[in-house]
Amino acid sequence: MGNLSTLIHFDYTLMIVAVGAALLGTVSGALGCYAVLRRQSLLGDAISHAALPGIAIAFLLTGSKVPLILVLGAAIAGWLGTLLIMSIVRLTRIKYDSALAIVLSTFFGFGLVLHTLIQRTGNANQAGLDTFLFGQAATLLERDVLTIGILGGIALIVMLIFWKELKLLVFDADFAASIGLPIRTLDILLTSLLVIAIVLGLQAVGAVLMSAMLVAPAVAARQWTNRLRLMVLLAACFGALAGVSGTIISSTASRIPTGPTIVLCATVVVGLSIAFAPNRGLVWDRIRQQRNRRDLKAAMEIQE
Amino acid sequence: MIQNHLDILLIAIVTAAACALPGVFLVLRRMTLMSDAISHAILPGIVLAFFLTESLSSPLLILAAAGTGVLTVVFVELLERTKLVKEDAAIGLTFPALFSIGVILISRFAGNVHLDMDAVLLGELAYAPLNRLKAFGYDLGPVSLYVMGTILLLNLAFILLFYKELKLVTFDASLAAALGFTPTLIHYGLMTLVSVTTVGAFDAVGSILVVALIAGPPATAYLMTDKLSRMLVLSALIGSVNAIGGYWLASLFDVSIAGAIATMTLLIFVLVFLIVPNRGLIAIARRHARQKWEFAQTMLVIHLFNHEGLPEAETESAIADLHEHLSWDPGFTSQVVKYALNNRCVSRKETQLILTSHGRTIAQQALVQ
């Protein structure tokens, strides 16, 4: 009897984690499309690292470890980091990549300083740097999954409301500006949506791997279609798929961390897509080349 | 104890200088994020080599990890070459995947070896002097000082030997190719250097903060100069200043040294961003402000000049009514008048404003233009 109840309990925990990972994959997959299409794939990496000082400051100010407060701190810091990146690029001749690298590493370093400060005050079992770096999907609770669902849902709804504007911003920002769309505001809106997706993911996969959750599903989806609508939909599905399969695989053996497994699953999806996607895929490309060669040969023979 | 402090400071300075040198070329070639990718992706290389050697500072480990770094660059370029993935996305795909493999390897097998994840990612400069090089019973100093010193010399030698080639490849890759300089070779040489430097430095500052050392000082120097040679020297200097300042900060508040160096990097960068002559934010703001007053003054003298000597001049140049003629705000108008009076473009004659010869020249010049 006791065995049965632990089994059910185990399955229930696993289910919660899987649902959380799936939700997360959906949200970050869908929003990641915009980052990838705008060639800002690594913005996610910067935001997730830049969030650390925000978490530390939120903890220092409130002394609480309520996830929502820490998430808010993380979001504000990530958002400020992005604004700094944007203004460096706009006001100096430093290019996007360097601006990103500076903000990413120095914000993180500042977070580290604050973290050691917290550690020194003897506040045992503090904000958990390891959790921030690698995530702890296995500790996701119903409450966390609910937070991911609600905030992620809001982010997706906002994305749908501004679908047309965001699409224009991604594909032809100059045109968008010329017909009077406020592109700076839209840019900030899009970044804010990304920030939401990222801080939600921090707990599950951690700062280092969060960027993969944004990039991988979107890159995979890109191979299958040329339409934004389909790409976002596919990326959301791929993200969810990676989340669920990663969770299940990591649960089959002991000591396989969930976050990295999810990332590897997403990477496999990318590999398969790049190889086998119709029209764009590498296999397809090879077949087409061979067919062309054969046709050309046949045509030459006929000419002779 | 003082010896210990000095050791740490020396290691920090040497590491910062060693990272800043190749960083200059990464910043100029828009490849800074490659250092981020390399520093994360070397993890599986470090782990595998660590399983073999069981030591974090063995040369084999550094070689294996540096090899993984170069492999990362190859992966990213292969992905890019399929034309299915853009460069940024290729980087964003490659390093998390490799890093994940490293993390899984560690948590799966590292139960019986001593490889601390935090040490790899965050480093701990304070422990760096503990591992000392000993020969014939003499203490020759910390091992990491020798490792980083060698890497610094290596970087210096590479840059000095291939300065011309690096410069050409950085600023005009196609010309370099046309002249037969094989940009690919130089590119991979540079990437190998970055990998070796990153691996050497991660021991001291960890793999995330290496990025601050590689990107921070060169970007700061880039704001200050237009000359490559000056930028190289400045970067190394700024890197050292950041290291010293960071160490001071860390001992003041008793916090992570690497983190404090990164914080210092941000502070110095923002400071330079604000105050550097010509390109800084303050300089830009002042230029804008000056241009605004200059423009208003020019408008004023043109207005006076247009009506000079004509019957309506008396009403048109009455100080009290000027704002109506120029359709300006009265407060703004009086400020402009004051500005023009200070510059001796106009002078006051009872209730009127009349042009000086200097003001007349300005108006004439502005009208001719």
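Residues numbered from 1 in each chain as written. Chains lettered and ligands numbered in written order. Predicted model: local features only at pLDDT ≥ 70, side-chain atom pairs only at ≥ 80, totals over all residues. Heavy atoms only, no water.

1. Structural notes on the pattern of salt bridges
- Per the counting criterion, the structure on display carries 5 salt bridges over all chains.
- A salt bridge links Arg93(A) to Asp226(B); the shortest N-O distance between them is 2.8 Å. Taken together, the residues span two chains, with Arg93(A) in the loop between helix H3 (67-91) and helix H4 (96-120) and Asp226(B) in the loop between helix H10 (183-222) and helix H11 (228-253).
- For Asp226(B), a relative accessible area of 61% puts it in the exposed group.
- For Asp285(A), the salt bridge identified is with Arg288(A), shortest N-O distance 3.1 Å. Note that Asp285(A) and Arg288(A) are positioned in helix H13 (residues 282-303) at a spacing of 3 residues, about one turn of the helix.
- Judged by relative accessible area, Asp285(A) falls into the partly exposed class, the value being 30%. (Salt bridge = Lys/Arg side-chain N within 4 Å of Asp/Glu carboxyl O. Helix = DSSP H or I, 4+ residues; strand = E, 2+ residues; numbered from the N terminus. Buried < 20%, exposed > 50% of the residue type's maximum accessible area, 1.4 Å probe, protein only.)

2. Here's the deal with the interface of chain B and chain A
- In this complex, chain B contributes 60 residues to the contact, which on the side of chain A involves 58 residues.
- Counting the surface lost from both chain B and chain A, the interface buries some 4,900 Å², and carbon and sulfur atoms represent 74% of this.
- Of all residues in chain B, Leu33(B), Leu84(B) and Arg108(B) bury the most surface against chain A, accounting for 13% of the area lost on that side.
- Our enumeration of links across chain B and chain A arrives at 1 salt bridge.
- Only helix H1 (2-28), helix H2 (32-41), helix H5 (87-109), helix H6 (117-122), H10, helix H12 (257-275) and helix H13 (281-307) of chain B provide two or more residues apiece to the side of chain B that touches chain A. (Contact = heavy atoms within 4.5 Å. Buried area = accessible area lost by both parts, 1.4 Å probe.)

3. What about the pairing of strand E3 (residues 346-349) of chain B?
All names here are of chain B.
- Here E3 runs beside strand E4 (residues 352-355); their pairing, made up of 4 bridges, is antiparallel. Looking at the pairing, Lys349 lines up with Gln352 of E4.
- Turn length for the E3-E4 hairpin, with the two strands adjacent in sequence and antiparallel, is 2 residues, and the turn residue Glu350 shows positive phi of about 55 degrees. (Pairing = 2+ DSSP bridges.)

4. Thoughts on the packing of aromatic side chains
- With the rule as written, the count across this model stands at 5 aromatic pairs over all chains.
- With centroids separated by 5.1 Å and ring planes inclined at 50 degrees, the aromatic side chains of Phe158(B) and Phe162(B) adopt a geometry described as tilted.
- Pairwise contacts between aromatic rings join Trp293(B), Trp328(B), Phe332(B) and Tyr339(B) into one cluster.
- We note Arg93(A) situated over the ring of Tyr222(B); from NZ or CZ to the ring centre the distance is 4.4 Å.
- Sitting over the ring of Trp293(B), Lys292(B) keeps its end group 5.2 Å from the ring centre. (Phe/Tyr/Trp six-rings, centres within 6.5 Å; stacked < 30°, edge-to-face > 60°. Lys NZ or Arg CZ within 6 Å of the ring centre and 35° of its normal.)

5. Remarks on empty space enclosed by the protein
Residue and element names in this part refer to chain A.
- Taken as a whole and judged by the stated rule, the model has 2 cavities of 30 Å³ or more.
- Here the second largest cavity defines a volume of roughly 30 Å³.
- Tyr34, Ala35, Arg38, Gln40, Leu43, Leu190, Thr191 and Leu194 together form the lining of the second largest cavity.
- For the lining of the second largest cavity, the elements supplying multiple residues, two or more each, are helix H1 (2-37) and helix H9 (183-205).
- Of the residues contributing to the lining of the second largest cavity, the split by class is 5 nonpolar, 2 polar and 1 charged. (1 Å grid on protein atoms, 1.4 Å probe; cavity = no way out; pocket = protein on both sides within 12 Å on 5 of 7 lines; lining within 4 Å. Points joined across faces, edges and corners; volume = space filled by probe spheres on them. Nonpolar A, V, L, I, M, F, W, Y, C, P; charged D, E, K, R; others polar.)

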